[in-house]
Every structure is written in structure tokens, then in C-alpha cells.
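# Examining the three-dimensional arrangement
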Amino acid sequence: MSEFNLQCPLPISQHDTIQLGHGSGGKMMNDLIARLFLWAFENPYLNKRDDQAVVEINGVRLAVSTDSFVVDPIFFPGGDIGELAVYGTVNDVCMSGGRPLFLAASVILEEGFPLADLRRVVESMAAAARRTGVMIVTGDTKVVNKGKGDKIFINTTGIGVVEHPWQISAGLIRPGDLVLLSGSLGDHGIAILSRREGLAFETPVTSDTAPLHELVAAVVQAGGEAVHALRDPTRGGLAATLNEFAATAQVGIRIREDRIPLKPAVAGACEILGLDPLYVANEGKLVAVVAAARAQEVLRVMRAHPLGREAALIGEVVADRPGLVTMQTRLGSWRMVDMLVGEQLPRIC
Amino acid sequence: MKYLEEYRKPEIVRHLVQEIRAITTRPWMIMEVCGGQTHSILKNGIDQILPKEIELVHGPGCPVCVTPLEQIDKALAIARRPEVIFTSFGDMLRVPGSREDLFMVKSAGGDVRVVYSPLDAVQLARENPHRHVVFFAVGFETTAPNNAMAVWQAHREGLRNFSILVSHVLVPPAMKALLSSPRNRVQGYLAAGHVCTVMGWEEYEPIAAQYHVPIVVTGFEPVDILEGVLMTVRQLERGEARVENQYSRVVRREGNRPAQELIRKVFEIAPRKWRGIGEIPASGLRLRPEFRAYDAEVIFDLGELQVEEPAICISGLVLQGLKKPDECPAFGRQCTPQTPLGATMVSSEGACAAYFAYHRQRAEEVREGAEAGKAADA
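Here the structure is a predicted model, which is why all the values come from computation and not from measurement.

## As for the overall build of chain B
The helix and strand tally for chain B stands at 18 helices and eleven strands. Relative to the globule expectation of 21 Å for 378 residues, the C-alpha radius of gyration of chain B, 21 Å, shows essentially globular dimensions. In terms of its C-alpha atoms, chain B occupies a principal-axis envelope of roughly 65 × 55 × 45 Å. Per-residue burial for chain B yields a buried fraction of 62% across its 378 residues. Excluding contacts between residues fewer than 6 apart, the proportion of contacts in chain B whose partners are at least 24 apart in sequence is 78%. Charged side chains in chain B number 44 positive and 47 negative. The centres of these two groups are separated by 1 Å.

Written as C-alpha cells, this is what we have:
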């Protein structure tokens, strides 16, 4: 063997172009938002960094949120892009505790996209709107040349009304609060991945896509002002949501591995692919940070709802190490739960 | 998963830690060779529950980390070509070459795709007869049979638009190289379970004898790793140096003969450069002459590539078990997964990335303590 010759690659810290990781829900995306969008659009509503803004017009508090859906495949086990586009925005609106009322929908279609598939997507959007009690009141349709888009992209913007007097925002999280999770992690991400990559698991995993407006209404009614923050852990998973909470409120968050609900099939799939379920996307789950005095009551109410049957108290908010999320492992040791840089990539071996 | 849960049970873990504590009389340094084991150790906090006499150091067993820069630069050059569909496992996409990574080539229009198996790449070649599909064949003995199978199948079908960029490395020569170094501190090895699933452990026996080190073939779950440590410490305390198999539910002494046969049919042993370590004789695989038509390096004449590798981080020392990631002054400061100075910070199996993801907090405490100490001394 030759003399050890220490080598190292050059750092690549700057990107001149957009990378896939800029849309991953991880650090790259957060940096892009903070350094470009927040900087350019800076205002008190945006600075709160919630998934929706609550604005007041003539004494009426309105919750506004927007989201774009670019999922591949567009039909997946447990749902499709149409349903997702309605539930996703409805969920973001109601995480303020608001009641979603109206949606605007923009559809970007790729030349050659089958009309039968479009009909299926639109019918699914209509059914989802009926189920959540929202009306799709305006919209837009564009067609791009073949190859300039991927079948169908949908953007939805939602408006709801906040009827309770309380604020619900990540900035209100305080040490001593408890962290509740409404159900098992990773179902949506693994369902999409298994369909997209043609991976078959012993027990098929279906997406958890679901509207959370009723569950949120129940949580807010039970917790009142004790409910400090609500968020659905979509892209970036639970880890991204907790890191965003910790950074926004400048608190530490501690969770316990043995309390986190996980379906055996999802755990097995993550094991095979080398993925951590804490980072896998969900579309029908919520995280609630609640003052300790009311947390048990909120948990009871969550468990009484069909979408919160597996709800669990998974951790607590602490004053030390602001911005840091840590987890006690099943073995009793501690580790950090960091936000990923970009996409979670399946490992080699 | 039920099967896996048995290897994660806290009560079994506690019992094993007690046993290790009971037999340990002095400090021992044990290297886990595989990056998957490093990841599991840090993710589960196994290093926190071991007695302080047992120091686990991290070995060169991360295929992403040890793939030399030239190979990454070759991959980037090939992936940029318009006629090419460049396929790779996900891990490799973020590893920086001299100036960019595969994600950047992709964002600039290169057709770079993540696959879960080299056979998916062969399928892509079948479906795209007018494009050339290249698979980035990196990894240890674990991935070699699949890569050999991909070449074998393409050959059998007469596919002329498929090739692999080979960067295979072999574990036992690296273990020997580390033990031969005058700076070696490793007293026992936890050998990589997955590698031994393919190759068995016969080739480890001469290493254990020649260098008088216990080598325990070890799995990846907390119970596996602690059993591996216990078996190693037991040998060390008794002055023994044998190969033992902790991972007997998966690994046989002779390994997987058909897989080995397939590797031999398609590949031959060759010298290989390891990133951060240097060239190790007979430590890699290359395609046999009869399969050169599937060698991307032969198909795409890349000429001499100028690589740029300034020595500004300690990943080479980390890969050799001479330093721990948090001993690097750049760790968590200039060097993060977002701004990696070395491949060990990029790969999910890299030791630096594992420290960053799970134990950055501890590194900061250590550093704060050291700085406070310095201030007090001053």
C-alpha cells in the first residue's frame, strides 16, 4: 500500500441553479425561503412562518393558504393528486384553527395528457371538496407543450374563517408544552415510493391522505388557548415540522422514540430502503403543541376521532438548547433529530 | 419486523452492556468496518451506553466515501453527454466531484436517474434503444453480485447500449492495509455482516492470525453490535485472535457461492484507489477483458481528468480510524452536510454525516468545554 495520502473534495456550498433538494422540505428549501422569498416579501404575516396566514379584515379573521401539487404518480395507493390538492390546502388552512370555506384551483396540463385521467382527477377534487365542505369558486387552466410539464400540476389556494378568539402559531410555543402526534408516520411517502419505483412489500402501504378539518376543530374546542401550534408534517416529515417549531419559537424539543406510532409495514419498508420514517411525508397527520395542563384532554379528544385513533403524546418542549430537536432512543440514549439538507436518498447497501 | 424487534429490545441490550462491563479490565479500541454499523451505533446511541474503556472507531466501510474523486469526475463527464441516461443509487448524487455533483449535472439538463437496482438500469437500456444507459457500479462485495448480474444479463441479451462505470472495492485488503500502518490503533474488528453474507469469512482467518486481531462478523441492529463487541472484548481479554460469527442467522462461513461465482465470471481483482486513503493493491474489481464492451470507461474516452483535491479536511484520517469526526476543527462549522468538505460528510453512511445528524450537540459540548478549559488556562 502506498503512503497514506489524505485527500478531500472541494466544497460545493453554493448553487447557481435550482436543485431538486430546494423543494424537499429540508434545509435547502428553508434556506431558499429565508434568503430569497422572506427577504423579498418581508411582512409581519409571512415572518411568522406558519403554513398559512391569518389576516383580519373589518374584524373578520381569515386564514389563507396556498399549495402546489406535483406528485408522481398521480394515482397512488390510497389516493390521487386531485384529492391531495384539496385536502392539502384544506389542512393548511385549518392548522390555524380556521374553518375552510373556499378554494381556488389552477391546473397546468401537459399536452397529450389523457382526458379520462383528467376527468378522474377532477371528479376526485369535487368529491374531496364535498367531504370537507369547501367550494371551489374560481380557477385557471393552462396547457404546456409536451415535455414542458409532467402530466398535471395543480395549485390550490384556500380561504377559511377563524371563529375562535385564540392565536395558533409556531411562535407561541413555550417550554413546558407537550407535543402530540395524531397517528402513525410515513404512510404517504412510502405508498408513493412503492408505486413509483414498483416496489412491492408484504403488506401494501396506502397513503394516509385525509382532510383534518374535523379533527382540528375537535382539538381546538377541547384545548382552546392551550393549543399553541398545529401543523401537518408533510414534506420533510415529523423531523422537519419539529425543527421548524424549535427554530421559530427558539425552544428545544425532546421526543421519545418508543412513543412514536409507526405501522410495521412502513417500518419494514423504511428498513429495506434505508429511510428514516421521521423524515418521510404524511398527508393525513397533525402535530399539536399544547400547554401541559390541557394536553391529556386534547389527546383524549384526538383518540376519539377516527383520524386520531393512534394519537400519542410524543414529547415535550424545553427551554435549553433552543432550536434543537432531540430524541430519546428505545435504548435510553439520546440523539439529535436534525432537519435533512435535501431529499432523503435510499442507501447503497 | 418482528424478527428485527428482537434485535432492538432494551432489556437484551442492557444485559449485554452489563456483560461487557463485567469482563472489561482495560481500554480496548474496536473498529466497526461498515458505515451501516457506524450509522446504527450513533443513531441508537450505543457509544453512550458502552463502558468508557471500550472505544469504537469508524472504518472505511462506506462505499460512497471511498469512491475516488477521479471516478466521480468521470461519472459527471459521462452524465453530461446528451446521448446518456446516467443511473445511480441515490447516495452518489450528492457526492461532490472536483467542481460539481450529479444533482447539479441533472439540474443543468443531464439525464440522471436514481435506480434501486442495476437491473433497473438494464431495463432502461431495453426501453431506450437509442440512448446509452450507464450504471455507476460502486460499492463493496455486497453490491458486486447484482452489478455482475446486470452485465451478464446485458451480455446474454446482446444489449449494446448498456455499460457500467466500475468503482468496486474489497473490504479485507483495506482491513489489512489499516493494520499494516505504523499508526494503527485498531485492536479488534467488527467485520461487515452484509459483505460476509456474500463472501463468507474464510479470507478473514489469515488476517486475524497474521495481525493477531479478533475479527467478529457482526450484524447491524443494536443487539448484533453489542454481541459483536462482547465477543471481541472476550477474545481481547483472553489474548485470543480468531474469526467468530455473531451474524449466524444470515452469514455462512463459505458465504454465497453462486454469488461469488458470478462475481468471478464478470470481474477480476485489480488495484484500486480509495478516496482519503490512497491506492491499495488488489483491493478492487474491474471487468474481465471479455466484458470490456460493458465498461463505460472504455466506451467513453474521457482522457486524463485533472482532479482538484485540496487537503483541507481530515476525512482520510476518519476513514482510517485515526481521528473521530468531532475532532475536526471544521466539523459542524465550515463542514456540514450542506457545505461538505469531504465525502464522509455527504454520504448517509459516512461517519461525519452520522456524527452531524445524531451527535452534533455533543461535539459542541466537547468544543465548548475545551474552549472554556483553554480560557481558564490562559
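## Remarks on the overall build of chain A
Within chain A one finds nine helices and 14 strands. Against the 2.2 N^0.38 benchmark of 20 Å for 349 residues, chain A shows a C-alpha radius of gyration of 21 Å, consistent with a compact globule. Residues counted as buried form 55% of the 349 residues belonging to chain A. Put simply, 82% of the contacts in chain A that link residues at least 6 apart link residues at least 24 apart. A distance of 3 Å separates the average location of the 32 positive side-chain charges in chain A from that of its 39 negative side-chain charges.

## A look at the confidence of the model for chain B
For any part of a model where pLDDT is low, the fine detail of the predicted coordinates should not be relied upon. Of all residues in chain B, 94% attain a pLDDT of 70 or more, and the chain-wide mean is 90. Interface scoring of the predicted complex returns ipTM 0.80; its pTM is 0.86.

## Digging into empty space enclosed by the protein
Residues and elements named next belong to chain A. Applying the stated criterion across every chain, the model contains six cavities of 30 Å³ or more. The computed volume of the largest cavity comes to approximately 120 Å³. In terms of lining residues, the largest cavity is bounded by Tyr45, Lys48, Asp50, Gln52, Ala53, Val54, Arg61, Ser96, Trp166, Gln167, Ile168 and Ser169. Among the residues making up the lining of the largest cavity, the classes are represented as five nonpolar, four polar and three charged. In the lining of the second largest cavity, the residues fall into eight nonpolar, three polar and no charged.

## Focus: the packing of helix H8 (residues 118–127) of chain B against helix H9 (residues 144–157) of chain B
Two quantities define a packed helix pair, namely the angle between the helix axes and the distance between the axes. All names here are of chain B. Viewed as axis vectors pointing N to C, H8 and H9 meet at an angle of 25°, and their least axial separation amounts to 8 Å. In terms of axis orientation, H8 runs roughly parallel to H9. The crossing of H8 and H9 is right-handed. Note on element contacts: H9 touches H8 through Asn146, Asn147, Met149, Ala150, Gln153 and Glu157, opposite Pro118, Leu119, Val122 and Arg126. Class assignment of the residues belonging to the contact of H8 with H9 gives a composition of five nonpolar, three polar and two charged.

## Regarding the sheet that holds strand E7 (residues 152–161) of chain A
Residues and elements named next belong to chain A. With mixed pairing, five strands are arranged side by side in an open sheet as E1-E2-E7-E5-E6. Of all strands in the sheet, those bounded by a partner on one side alone are strand E1 (53–57) and strand E6 (135–144). Neighbour-to-neighbour, the strand axes of the sheet open up by a mean angle of 20°, direction not taken into account. The sheet contact formed by strand E5 (residues 99–110) and E7 spans ten bridges and is antiparallel. Within E7, the residue paired with Val107 across the bridge is Ile154. Seen against the sheet, helix H3 (residues 81–94) touches strand E2 (60–69), E5, E6 and E7 and runs at an angle of roughly 145° to E2.

## With respect to the nonpolar core
Residue and element names in this part refer to chain B. Ile78, Phe86, Tyr189, Tyr204 and Ile215 are the most contacted members of the largest nonpolar core, which has 63 residues in total. Once residues within four sequence positions are removed from consideration, Tyr189 is found in contact with Met31, Val33, Met175, Leu178, Leu179, Val213, Pro214, Ile215, Val216 and Thr232. Of all hydrophobic cores here, the second largest spans 31 residues; its members include Val122, Val151, Val198 and Ala259.

Quick notes on the rules
Residues numbered from 1 in each chain as written. Chains lettered and ligands numbered in written order. Predicted model: local features only at pLDDT ≥ 70, side-chain atom pairs only at ≥ 80, totals over all residues. Heavy atoms only, no water. Helix = DSSP H or I, 4+ residues; strand = E, 2+ residues; numbered from the N terminus. Rg over C-alpha atoms; globule rule 2.2 N^0.38 Å. Buried < 20%, exposed > 50% of the residue type's maximum accessible area, 1.4 Å probe, protein only. Contact = heavy atoms within 4.5 Å. Lys, Arg positive; Asp, Glu negative; His and termini not counted. Charge placed at Lys NZ, Arg CZ, Asp CG, Glu CD. pLDDT = per-residue confidence, 0-100. 1 Å grid on protein atoms, 1.4 Å probe; cavity = no way out; pocket = protein on both sides within 12 Å on 5 of 7 lines; lining within 4 Å. Points joined across faces, edges and corners; volume = space filled by probe spheres on them. Nonpolar A, V, L, I, M, F, W, Y, C, P; charged D, E, K, R; others polar. Axes fitted to C-alpha atoms, helices over the stretch in contact; angles between N-to-C directions. Parallel < 35°, antiparallel > 145°, perpendicular 65-115°, else oblique. Left-handed = near helix turned anticlockwise from the far one by under 90°. Pairing = 2+ DSSP bridges. Core = buried A, V, L, I, M, F, W, Y, C linked by side-chain atoms within 4.5 Å.

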